[in-house]
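Residue-level structural notes
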Amino acid sequence: MKTALLNADKIRLDGRKLDELRPVKIEVGVIKNADGSARIEFGKNKIMAAVYGPKEVHPKHLTKPDRAIVKCRYHMTPFSTDTRKNPSFSRREIEISKVIRQALEPAIILEDYPRSSIEVYMEVLQSDGGSRCAALSAASVALADAGINMRDLVAGCAAGKIGGEIVLDIDDTEDKEGEADMPTGIMPSLGLVTLFQLDGNLSASEFQKTFDLAVNGCMKVYQIQREALMNKYFGQSEPMQESNE
Amino acid sequence: MSAVKRKYVVPGDLVAEGEFRPIGHVTQDGNKFLSTRVGMAEVGREGVRVIPLSGPYIPRIDDLVIGQVVDYSAFAWEVDINSPFFGVLPAQSVFGREYSPANESLSSRFAIGDHLTCKIMSFDRTRDPLVTVSGPGLGKVDEGEIVKISPTKVPRLIGKKGLMIKSIEAATNTRLAIGQNGIVVTIGPSAGVEMVRRAIRLIEEEAHLADLGSKVEALFTEAESGTN
């Protein structure tokens, strides 16, 4: 039986409007032992991201003489889903690790760290759809926290189609019952797309509308990422204006 | 003092637009300069730069660093200098040009676990940095306690013309050897070392704020009145 994803007033199952994001919260520097870390709550998603490095590459043959390599690990804890998830890596996790790596690589200035590796670990504590975008957003904040040279942050957010309407930020039920899901990751200041996937069918005009909406969502996530970083590093303080050197 | 405009930035933030000279931690996109780090952006006469507030130590030639011997082969020691890259200390620079692995053993001079004060001889990022221990003040660290600070905050710990380090040394009755890689060797009475540790924590937390000197002074006077 299909669930009705929208009511007569076009309000979604969890009470959101069509273009409304789930509440997003990001906390920076939550893991002491990592070089950089962040924790994101994206609706019911709870994800920890930790960054180690740059450090020497193991195994050695993966070393690139002119730049760093990025290793990404997206993993879901056994208790992150409603029925226990096998803790070993699934096809899906391997895929997400790869797309997140490819979404982060253009943002990191890899040439600044030759012969080294940057390791990004994302652990999903609780999942509720759209976790790849949330993990990506957290990972990019963790990279900034680690003090790795980056061209820009990467903000991720999905849009899609449910009940014939284009909506922002698809959750788990909407993903399963809906018609299309478009996870998108962008570098907001540079205006470049680094993650783009589409599952489902959309007409050309729907496609454009969904993409624009996803980018809009990314910009909102970006603001939250910025605030989180600013809060961790500067609190409420004002920049000092006299030179100290 | 030139008029320097400062603002807080995160990666991707616009630092300045127009004709400038990039000094550090900025990337260019057309005529826009974007920050690559979390830190304080400065736009001045000399150019634009971002003073980062976090990040690893990247070796620079002539830097004084404090490292720990982690390994040695027949020809060189490998020194962990708190950086993505290991320091290489060639045996010849310690034993002299005549060095032969048949006559001398590297472990007779520096063992694994020893701390060394060394200088970066050369580093071009295609190879690991070469370090040396020949020079005044360089060599094995015989005494003292290791205190760590984020490498990006070392300039604040040293202060203008070494003012901060001098005031800390005077107030705590200790001697500090500060490596640019964020490793600090503190020599002195244990109460003094403890105070240094607290001062370093304070500097680390408030490195982006002005008036750090008087805050550290306040920390010392407060501690003094507490013990009396």
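Residues numbered from 1 in each chain as written. Chains lettered and ligands numbered in written order. Predicted model: local features only at pLDDT ≥ 70, side-chain atom pairs only at ≥ 80, totals over all residues.

**Focus: the overall build of chain A**
Using the following cut-off: Under the DSSP-based scheme used, a helix requires at least four consecutive residues in state H or I and a strand at least two consecutive residues in state E, with every element numbered from the N terminus. The reference for a compact globule is 2.2 Å times residues^0.38; the radius of gyration itself is calculated from the C-alpha atoms. Counting other C-beta atoms within 10 Å of each residue's C-beta, where C-beta atoms are placed from the backbone, gives the exposure class: buried for 20 or more, exposed for 12 or fewer, partly exposed between. We call two residues in contact whenever the C-beta atoms placed from their backbones are within 7 Å.
Within chain A, the secondary structure is distributed over four helices and 10 strands. Its helices and strands taken in sequence order, chain A reads β-β-β-β-α-β-α-β-β-α-β-β-β-α from the N to the C terminus. In terms of overall size, chain A behaves like a compact globule, its C-alpha atoms giving a radius of gyration of 19 Å where 245 residues would be expected to give roughly 18 Å. Principal-axis analysis of the C-alpha atoms gives chain A an extent of 65 × 45 × 35 Å. Buried residues in chain A amount to 46% of all 245 residues. Taking the intrachain contacts of chain A between residues at least 6 apart in sequence as the baseline, contacts between residues at least 24 apart amount to 71%.

**Comments concerning the overall build of chain B**
When helices and strands are tallied, chain B shows five helices and 16 strands. In chain B, buried positions account for 39% of the 228 residues. Restricting the contact set of chain B to residue pairs at least 6 apart, pairs at least 24 apart contribute 56%.

**Quick look at the pairing of strand E5 (residues 116-126) of chain A**
Residues and elements named next belong to chain A. Basically, it comes down to this: Between any two strands, at least two bridges found by DSSP are needed for them to pair. We call a crossover right-handed when, viewed with both strands directed away from the observer, the connection leading from the first strand over the helix to the second proceeds clockwise.
Summarising the sheet, strand E3 (residues 45-56) and E5 pair through nine bridges and their orientation is antiparallel. When the bridges of E5 are listed, methionine 48 appears paired with glutamate 123. Tracing the backbone out of strand E4 (residues 69-76), into helix H1 (residues 91-104) and back to the parallel element E5 gives a crossover that is left-handed.

**Quick notes on the sheet that holds E5 of chain A**
All names here are of chain A. Keep this limit in mind: Lines fitted to C-alpha atoms define the axes, with helix axes restricted to the stretch in contact, and inter-axis angles between N-to-C directions lie between 0 and 180 degrees.
The five strands are arranged E1-E2-E3-E5-E4 in an open sheet whose pairing can be described as mixed. Only two strands of the sheet have a single partner each, and these edge strands are strand E1 (24-28) and E4. The average angle at which neighbouring strand axes cross in this sheet is 15°, direction not considered. The sheet contact formed by E4 and E5 spans eight bridges and is parallel. Among the inter-strand pairings, valine 70 is bridged to a residue of E5, identified as isoleucine 118. Relative to the sheet, H1 contacts E4 and E5, its axis offset from that of E4 by approximately 140°.

**Focus: the sheet that holds strand E3 (residues 22-24) of chain B**
All names here are of chain B. Strand order in this open sheet of four strands is E1-E6-E7-E3, and the pairing throughout is mixed. The open sheet has two edge strands, strand E1 (5-9) and E3, and neither has a second partner. On average, each strand axis in the sheet is inclined to that of its neighbour by 20°, with strand direction left out of account. Bridge count between E3 and strand E7 (residues 48-52): two bridges; the pairing is parallel. Within E7, the residue paired with proline 22 across the bridge is valine 48.

**Overview of the confidence of the model for chain B**
We apply this condition: In predicted models, pLDDT denotes the confidence assigned by the predictor to each residue on a 0 to 100 scale.
Looking at chain B as a whole, the pLDDT averages 90, with 97% of positions reaching at least 70. Interface scoring of the predicted complex returns ipTM 0.88; its pTM is 0.92.

**Remarks on the environment of methionine 187 of chain A**
Within the secondary structure, methionine 187 of chain A is located in strand E8 (residues 180-187). Distance from methionine 187 of chain A to glycine 156 of chain A, taken between C-alpha atoms, is 9.0 Å for residues 31 residues apart in sequence. Other than its neighbours up to four places away in sequence, methionine 187 of chain A contacts Ala107, Arg151, Asp152, Val154, Leu192 and Thr194 of chain A together with Gly12 of chain B.

**Observations regarding the nonpolar core**
All names here are of chain A. Short version of the rule: Each nonpolar core consists of buried Ala, Val, Leu, Ile, Met, Phe, Trp, Tyr and Cys residues. Their C-beta atoms, within 7 Å, join them into a set.
Counting 117 residues, the largest nonpolar core has Ala49, Leu104, Val120, Ala135, Ala138, Ala139 and Leu143 as its most contacted members. Looking at this core, the element that brings in the most residues is helix H2 (residues 131-145), giving 10 residues. Residues in contact with alanine 138, not counting those within four places in the same chain, are Ile26, Ala38, Arg39, Ile40, Ile47, Ala49 and Met122.

**Remarks on the environment of leucine 6 of chain A**
Residues and elements named next belong to chain A. Mapping leucine 6 onto the fold places it in the segment before E1. The spacing of leucine 6 and arginine 16 is 10 residues in sequence and 9.7 Å in space, taken between C-alpha atoms. In this structure leucine 6 touches Ile11, Arg12, Ile162, Gly163 and Glu165, once residues within four positions along its chain are discounted.

**Observations concerning the interface of chain A and chain B**
As a reminder, the rule being used: Charged means Asp, Glu, Lys or Arg here, nonpolar means Ala, Val, Leu, Ile, Met, Phe, Trp, Tyr, Cys or Pro, and polar covers whatever is left, Gly included.
Taken together, the contact pairs 34 residues of chain A with 30 residues of chain B. For the side of chain A that touches chain B, the elements supplying multiple residues, two or more each, are E3, H2 and helix H4 (204-234) of chain A. When grouped by side-chain class, the residues that make up the side of chain A that touches chain B number 18 nonpolar, nine polar and seven charged.

**Some words on unusual backbone geometry**
The step from glycine 53 of chain A to proline 54 of chain A runs through a cis peptide bond, and the omega angle for that step is 5°. Examined against the element boundaries, proline 54 of chain A turns out to sit in strand E3. For the bond running from histidine 58 of chain A to proline 59 of chain A, omega is -10°, close enough to zero to count as cis. Among the secondary structure elements, proline 59 of chain A is positioned in the loop between E3 and E4. Of note, the phi angle at histidine 25 of chain B is positive, near 60°, even though the residue is not glycine. As for its placement among the helices and strands, histidine 25 of chain B is situated in the loop between E3 and strand E4 (26-29). For histidine 25 of chain B, a count of 25 C-beta atoms within 10 Å translates into the label buried. Even without being a glycine, aspartate 62 of chain B presents a positive backbone phi close to 80°. With respect to the helices and strands, aspartate 62 of chain B occurs in the loop between E7 and strand E8 (64-72).

**Observations regarding H4 of chain A**
Spelled out, the test is: For a helix, the expected span equals 1.5 Å multiplied by the residue count minus one.
Under the 1.5 Å per step criterion, the end-to-end length of H4 of chain A is 44 Å for 31 residues, consistent within 8% with the ideal 45 Å. Taken from the residues just after H4 of chain A, glycine 235 of chain A is the one with a positive phi, measuring 55°.

**Let's talk about the pairing of E8 of chain B**
It is a general feature of regular strands that their side chains alternate between the two faces of the sheet. Residues and elements named next belong to chain B. The pairing of E8 with strand E11 (residues 115-122) spans five bridges and is antiparallel. Looking at the pairing, valine 65 lines up with cysteine 118 of E11. The pairing of E8 with strand E9 (residues 76-80) spans four bridges and is classified as antiparallel. Within E9, the position partnered with valine 69 by the bridge is valine 79. In this structure, the hairpin formed by E8 and E9 is closed by a connection of three residues.

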